[in-house]
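# Structure assessment
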Amino acid sequence: RKRHGYFGAQERATYKTYSKAQLEELAKSGDFVALDVLSRMMLAEYNTHEALRYSRLAVVYGSTLALRDVAGLIGPSSLLPKDSDTEEKRRPRMLEASALLMTMALRDDPYGAADYLNSFKKSYERQFKTNLVLTKEEGDFVFKRAKALYKQFEQERQVLGLGNFEEYDPLGFKKATGIDY
């Protein structure tokens, strides 16, 4: 789980004692905890652009958990009320957030993906008081978009000299998501 960017509250608490400069230095080497703390610092300062940058960098370095954070930062819950008052306005963000969460499964974290997709669905339904059901076309779009995001993040890794992501287990993916890849 650590290789996917999961860590405990105690690790985060230790890193919170570091200066921003120290965290930045650790982040340069792909330290997931440093990137997470920096992202949360930026959110506390209402700087979502920088928070998103740190979370995306964690994804590029290999954190699948950071995909959840990116999905939250760009998902429909991040919209202002006037921009999310209709399903038509929310739907594109919901689909992109779903694709990011599906990318977790492609990155060999199918159970994390299934858990966060389920949580995302429940949160969406509670917040917007509507059932969240994807059409077949939307489901196909989410899966295709997840594959495109995977490739995009892998290309960003290569620019940093990190090489490809590790291979994922298609059987684990199918078991967790019910999708035959």
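Quick look at the structure, then. (Residues numbered from 1 in each chain as written. Predicted model: local features only at pLDDT ≥ 70, side-chain atom pairs only at ≥ 80, totals over all residues. Heavy atoms only, no water.)

### A look at the side chain of aspartate 109
The cut-off we apply is this: Helix numbering and strand numbering both begin at the N terminus, where a helix is a DSSP run of H or I of at least 4 residues and a strand a DSSP run of E of at least 2. The rule is simple: take the accessible area with a 1.4 Å probe, protein chains only, and divide by the maximum for that residue type; under 20% is buried, over 50% is exposed, in between is partly exposed. Any N or O atom pair separated by 3.5 Å or less is treated as a polar contact, with the protein-specific requirement of one donor-capable and one acceptor-capable atom, and with residues adjacent in sequence counted only for side-chain atom pairs.
With respect to the helices and strands, aspartate 109 occurs in the loop between α6 (87-106) and α7 (110-128). With relative accessibility at 7%, the residue aspartate 109 sits in the buried group. Side-chain polar atoms of aspartate 109 contact the backbone nitrogen of glycine 112, separated by 3.2 Å.

### As for empty space enclosed by the protein
Cut-off, in case you're wondering: Grid points spaced at 1 Å over the protein atoms alone were grouped into cavities, where a 1.4 Å probe fits but cannot get out, and pockets, open sets with protein on both sides within 12 Å along at least five of seven lines, with lining residues defined by an atom within 4 Å of a point. Grid points are joined across faces, edges and corners, and a volume is the space filled by probe spheres set on the points. Each residue is assigned to one of three groups, with Ala, Val, Leu, Ile, Met, Phe, Trp, Tyr, Cys and Pro labelled nonpolar, Asp, Glu, Lys and Arg labelled charged, and all others, Gly among them, labelled polar.
Per the counting criterion, the structure on display carries 1 cavity of 30 Å³ or more. Its boundaries defined by the atoms lining it, the largest cavity holds a volume of some 80 Å³. Around the largest cavity, the lining is made up of 13 residues, and of these Phe32, Asp36, Ala58, Ala66 and Asp69 lie nearest the centre. Looking at the lining of the largest cavity, the elements that each hand over two or more residues are α3 (32-44), α4 (48-61) and α5 (65-74). With 4 residues, the top contributor of residues to the lining of the largest cavity is α3. Across the lining of the largest cavity, the residue classes break down as 7 nonpolar, 4 polar and 2 charged.

### Observations regarding the nonpolar core
This is how the line gets drawn: Only buried Ala, Val, Leu, Ile, Met, Phe, Trp, Tyr and Cys residues count toward a nonpolar core, and they belong to the same one when joined by side-chain atoms within 4.5 Å. Note on contacts: a residue pair is in contact if any heavy atoms of the two residues lie within 4.5 Å.
Membership of the largest hydrophobic core comes to 48 residues, with the highest contact counts inside it found for Leu100, Met104 and Phe153. Listing elements by their share of this core, those giving two or more residues are α2 (20-28), α3, α4, α5, α6, α7 and α8 (136-159). Top element by residues in this core is α6. It accounts for 10 residues. Sequence-distant contacts of phenylalanine 153, that is, excluding residues within four places in its chain, are made with Arg56, Val59, Val60, Leu67, Leu100 and Phe165.

### Concerning the environment of alanine 34
As for its placement among the helices and strands, alanine 34 is situated in helix α3. Considering only alpha carbons, one finds alanine 34 and glutamine 22, 12 residues apart in sequence, at a separation of 8.7 Å.

### Some details on the packing of aromatic side chains
In this description, a pair of aromatic rings is defined by centroid distance and the angle of the planes. Just so we agree on the cut-off: Two rings from Phe, Tyr or Trp (for Trp, the six-membered ring) form a pair when their centres sit within 6.5 Å of each other. Planes less than 30 degrees apart are called stacked, planes more than 60 degrees apart edge-to-face, and all others tilted. Working rule: Lys NZ or Arg CZ, within 6 Å of ring centre, within 35 degrees of ring normal, means a charge sits over the ring.
Scanning all chains against the criterion turns up 4 aromatic pairs. Centroid distance phenylalanine 120 to tyrosine 124: 6.4 Å. Interplanar angle 45°. Geometry classified as tilted. You can see phenylalanine 120 and its partner tyrosine 124 sitting in helix α7, 4 residues apart, about one turn around the helix. Assigned by exposure class, phenylalanine 120 and tyrosine 124 land together as buried. In textbook terms, an aromatic cluster arises when at least three aromatic residues are bridged by ring pairs, as seen for Phe120, Tyr124 and Phe128. Between the NZ or CZ atom of arginine 53 and the centre of the ring of tyrosine 54, over which it lies, the distance is 4.5 Å.

### Looking at α8
Applicable threshold: To estimate how far a helix should extend, the number of its residues minus one is multiplied by 1.5 Å.
Relative to the 34 Å expected for 24 residues at 1.5 Å per residue, α8 spans 35 Å between its end C-alpha atoms, a close match to the ideal helical length. Note on α8: the residue one or two positions beyond its end, glycine 161, has a positive phi of about 80°.

### Quick look at the layout of surface pockets
By volume, the largest pocket is sized at about 330 Å³. Around the largest pocket, the lining comprises 15 residues; the ones closest to its centre are Ser98, Met102, Leu117, Leu134 and Val142. Breaking the lining of the largest pocket down by element, the ones donating at least two residues are α6, α7 and α8. Looking at side-chain class alone, the lining of the largest pocket contains 10 nonpolar, 3 polar and 2 charged residues. Here the second largest pocket defines a volume of roughly 190 Å³. The wall of the second largest pocket is formed by 14 residues, among which Ala71, Gly72, Ser77, Phe120 and Ser123 lie closest to the centre. If you list the elements that add at least two residues to the lining of the second largest pocket, you get α5 and α7. Tallying contributions element by element places α7 first for the lining of the second largest pocket, with 7 residues.

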